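# Observations on chain architecture
Given next are the chains, with one letter for each unit.
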Amino acid sequence: MKESVSRVCKFVGLPGALIIVLCAALTWLIGCATNKQSGEVAAGTTGGATGKSGAQLWAENCIRCHNIRSPSSYSPAQWEVVMMHMRVRANLTPEEHKKILEFLKSGS
Amino acid sequence: MRMRNHVVVSRTIIRAFGVAIFLIVPLLATAQEPSPSPSSDYVSRAEYDKLKAEHDAMKQELEALKAQIGELAKAPVPSPAAAPAEGKQVVTEMPSEAATEELRQEIDTLKTQVKETFPGTTKFLLAGYGTAGFTARSGEDPFFDAAFNALFLWKLTDRLFFEGEMELEFENEETTINLEVAQAAYLLNDYMTIGVGRFLNPMDFFVERQHMNWVNKLPDKPLAVYDGLFPESELGGQLRGVIPIGPTKLEYAAFVANAPGLITESDDFSEIGMLDFDNDANFGGHVAVGGHLGFIPIPQLEVGYGIQRSKVGPRDQAVVNVLQSVDFNYVSDSALLKGLINLRAQWGWSHVGDFVYDPDGSQGFGPLEFNNNRNGGYAQLSYRPTHIDNDYIKNFEGVFRYDRLNQLHTPVGFDEQRWTFGLNYWLTPSTVIKAAYEVDDKNGGARDQNAFLMQAAVGF
């Protein structure tokens, strides 16, 4: 086991190994939390976006990279695709994704 | 007349119930069918909740429709005395027919929406951006250029997504086609997404979030962080996501990919010791491992650190390559300053270990041993007076950028720094006309090349 760890560390270097270990630990922790709280998550109680409206989250998250686009820019079906793209690219939480999408679809 | 209305209403009710049964039966059947989801062998909580919400919404719609039909049935029938002339009776009957048609259309819409939620339904969107530009750089002939980036997005299921980006660029009498992105992404759970294929380099914030021409504030891109120290895209796999921590967020990305190549032979001596990021054949057989951590303490601020490590060069003489980047991004819509402030900075380092180039002297400059260390980055500030009550002034945006690339002690032989002053006019949120003047300063005896740049960019 020690040999394997030292071999991985030697291959990826200390910073790389730290990132991998950190990501793995976070992944494990989050995985556990997700399984236990899947009901809560589905109900939309994720920390960062709690209490914020879809419009507020739309303004806060989109503007961090680019000008915000009007909800009328796309149809509801198109917004679903765009928002899935943004969820992956811009690392949106499930609640942010859900609320922003609802807001955009309601205004499109 | 009354009899006829009753017949019409009854027919309407029968039709509505028929369609309702038609809608509900497939749903019940779908619920009973084993594992319709391609994502797993069971219905997840999220999928269950979604279907339940849709079912509840449909029930509400049906109740509303029933209520409408009931109101139509209760509507007062004109008395024979008040009855219009024979020729106008058709007009009296029309609302019932129109209402029926409207109901039919609403139900058809509902059917379509329900069908769209079935697993495996593909939703496709063609997006992207186009650019036309002009460059007049001192010591060079001025030229126009144009580029078109097509972005193909497919939402295959609620968890599976594919994106492809193709760049067609016309410059210097040549049209080039590049596959920038071809990635399949799968949402493992709320906080983890796995992606495989060709994806934008997650360790380089500018490349992943800012390089698109309708997003980038200036006509050209900063030294070092774009087409400089880091690869633009990676070919491999990545795991990424975001973790909400109270009011803050922690973003993460980890990836494995083909390692860059090491340029050991070239007609251009300045390229010796540089990295070849188009090493799709993975010459040397090395693997790069890297990642990025981003922290968002408040919605306006994001700070991050990215790293990539690999071996580069021929397998039996491989040396270590480490790429690192730190990024800072602050965007605020300030009431005090009556506008949008955009402050961004990123700095990167590239290290290539000691390597003996041209060991037998056949290229005419060796043997030459050195480690190739370079660094550089940019800081950029822009301001747009979005709160000014003037439709023209609030669309203007002023930009200033300082960027630098240090590579004096490499075969390139000079450091370069630039001060760029730009003025943009936004026609729409994703359409901009940019003009900029760039003051260039190189040391090591290299010639300074000031430039006037213009660009029109449209995102769609």
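Cut-off values and rules
- Residues numbered from 1 in each chain as written.
- Chains lettered and ligands numbered in written order.
- Predicted model: local features only at pLDDT ≥ 70, side-chain atom pairs only at ≥ 80, totals over all residues.
- Helix = DSSP H or I, 4+ residues; strand = E, 2+ residues; numbered from the N terminus.
- Buried ≥ 20, exposed ≤ 12 C-beta atoms within 10 Å, placed from the backbone.
- Contact = placed C-beta atoms within 7 Å.
- Core = buried A, V, L, I, M, F, W, Y, C linked by C-beta atoms within 7 Å.
- Pairing = 2+ DSSP bridges.
- pLDDT = per-residue confidence, 0-100.
- Axes fitted to C-alpha atoms, helices over the stretch in contact; angles between N-to-C directions.
- Parallel < 35°, antiparallel > 145°, perpendicular 65-115°, else oblique.
- Left-handed = near helix turned anticlockwise from the far one by under 90°.
- Expected span 1.5 Å × (residues − 1).
- Nonpolar A, V, L, I, M, F, W, Y, C, P; charged D, E, K, R; others polar.

### Focus on the overall build of chain A
What chain A contains, in helices and strands, is five helices and zero strands. Secondary structure elements of chain A, listed N to C terminal, follow the sequence α-α-α-α-α. Within the span of chain A, comprising 108 residues, buried residues form 29% of the whole. Put simply, of all contacts in chain A between residues at least 6 apart along the chain, 72% involve residues at least 24 apart.

### Observations regarding the overall build of chain B
Each helix and strand counted, chain B has four helices and 18 strands in total. Classification of the 460 residues of chain B by burial places 32% in the buried group. The long-range fraction of contacts in chain B, counting pairs at least 24 apart against all pairs at least 6 apart in sequence, stands at 57%.

### As for helix α3 (residues 54-62) of chain A
All of the buried residues in α3 of chain A are Gly-54, Leu-57, Trp-58, Glu-60 and Asn-61 of chain A. In the core, the buried residues of α3 of chain A are packed alongside α5 (94-107) of chain A.

### Concerning the nonpolar core
Residues and elements named next belong to chain B. With 22 residues, the main nonpolar core has Ala-254, Leu-262, Leu-275, Val-312 and Val-352 as its most contacted residues. Where this core is concerned, the elements lending two or more residues are β6 (233-245), β7 (248-258), β10 (287-296) and β13 (339-357). Here Val-312 is in contact with Ala-259, Pro-260, Gly-261, Leu-262, Leu-275, Gly-284, His-286, Ala-318, Val-319, Asn-321 and Val-352, once residues within four sequence places are set aside.

### Points about unusual backbone geometry
Residues and elements named next belong to chain B. Here the residue pair Gly-366 and Pro-367 is connected by a cis peptide bond, since its omega of 0° sits within 30 degrees of zero. Along the chain, Pro-367 falls in the loop between β13 and β14 (368-384). The backbone phi angle of Lys-338 is positive, close to 55°, even though this residue is not glycine. Tracing the backbone shows Lys-338 in the loop between β12 (319-334) and β13. Here Asp-358, not a glycine, exhibits a phi torsion of approximately 50°, which is positive.

### Observations concerning the pairing of β6 of chain B
All names here are of chain B. Pairing geometry for strand β5 (residues 192-200) and β6, over eight bridges, is antiparallel. Residue pairing in the sheet places Gly-195 in a bridge with Gln-238 of β6. By the bridge criterion, 10 bridges tie β6 to β7 in an arrangement that is antiparallel. For Ile-243, the partnering residue across the bridge sits in β7 and is Leu-250. What sits between the antiparallel neighbours β6 and β7 is a turn of two residues, in which Gly-246 has the positive phi angle 60°.

### A word on the confidence of the model for chain A
Confidence in the prediction of chain A, expressed as mean pLDDT, is 75, and 56% of residues score 70 or more. The low-confidence segment residues 34-47 of chain A (pLDDT under 50) makes 24 contacts with residues lying over four places distant or belonging to another chain.

### Overview of the pairing of β14 of chain B
Two faces, one strand: in a regular strand the side chains alternate between the faces of the sheet. Residues and elements named next belong to chain B. As paired strands, β13 and β14 are joined by 16 bridges and run antiparallel to one another. Directly across from Ala-345, in β14, lies its bridge partner Ala-379. Sheet topology places β14 next to strand β15 (residues 396-406); nine bridges connect them, and they run antiparallel. Residue pairing across strands places Gln-380 opposite Arg-401, the latter belonging to β15.

### Thoughts on the packing of helix α4 (residues 76-89) of chain A against α5 of chain A
All names here are of chain A. Remark: α4 packs on α5, axes separated minimally by 10 Å, with the N-to-C direction vectors making an angle of 155°. Judged on the interaxial angle alone, α5 and α4 are roughly antiparallel. Regarding α4 and α5, the two cross each other, and that crossing is right-handed. Within the contact between the two elements, α4 uses Pro-76, Trp-79, Glu-80, Met-83 and Arg-87 and α5 uses His-97, Ile-100, Leu-101, Leu-104 and Lys-105.

### Concerning α5 of chain A
For α5 of chain A, with 14 residues, the first-to-last C-alpha span of 20 Å sits near the 20 Å given by 1.5 Å per residue. Of all the residues in α5 of chain A, the buried ones are Pro-94, Glu-95, Glu-96, His-97, Lys-99, Ile-100, Leu-101 and Leu-104 of chain A.

### A word on the packing of α3 of chain A against α5 of chain A
Residues and elements named next belong to chain A. Two numbers describe how α3 lies on α5: the axes approach to 8 Å, and their chain directions differ by 105°. Classified by the interaxial angle, the pair formed by α3 and α5 is roughly perpendicular. Residues Gly-54, Ala-55, Leu-57, Trp-58 and Asn-61 of α3 pack against Glu-96, Lys-99, Ile-100, Glu-102, Phe-103 and Leu-104 of α5. For the contact of α3 with α5, the residue count by class is six nonpolar, two polar and three charged.

### Overview of the environment of Gly-361 of chain B
Residues and elements named next belong to chain B. Within the secondary structure, Gly-361 sits in the loop between β13 and β14. Judged by the 10 C-beta atoms lying within 10 Å of it, Gly-361 is exposed. Counting along the chain gives 140 residues from Gly-361 to Lys-221, while the straight-line C-alpha distance between them is 37 Å. If sequence neighbours within four positions are ignored, Gly-361 has contacts with Gly-366 and Pro-367.

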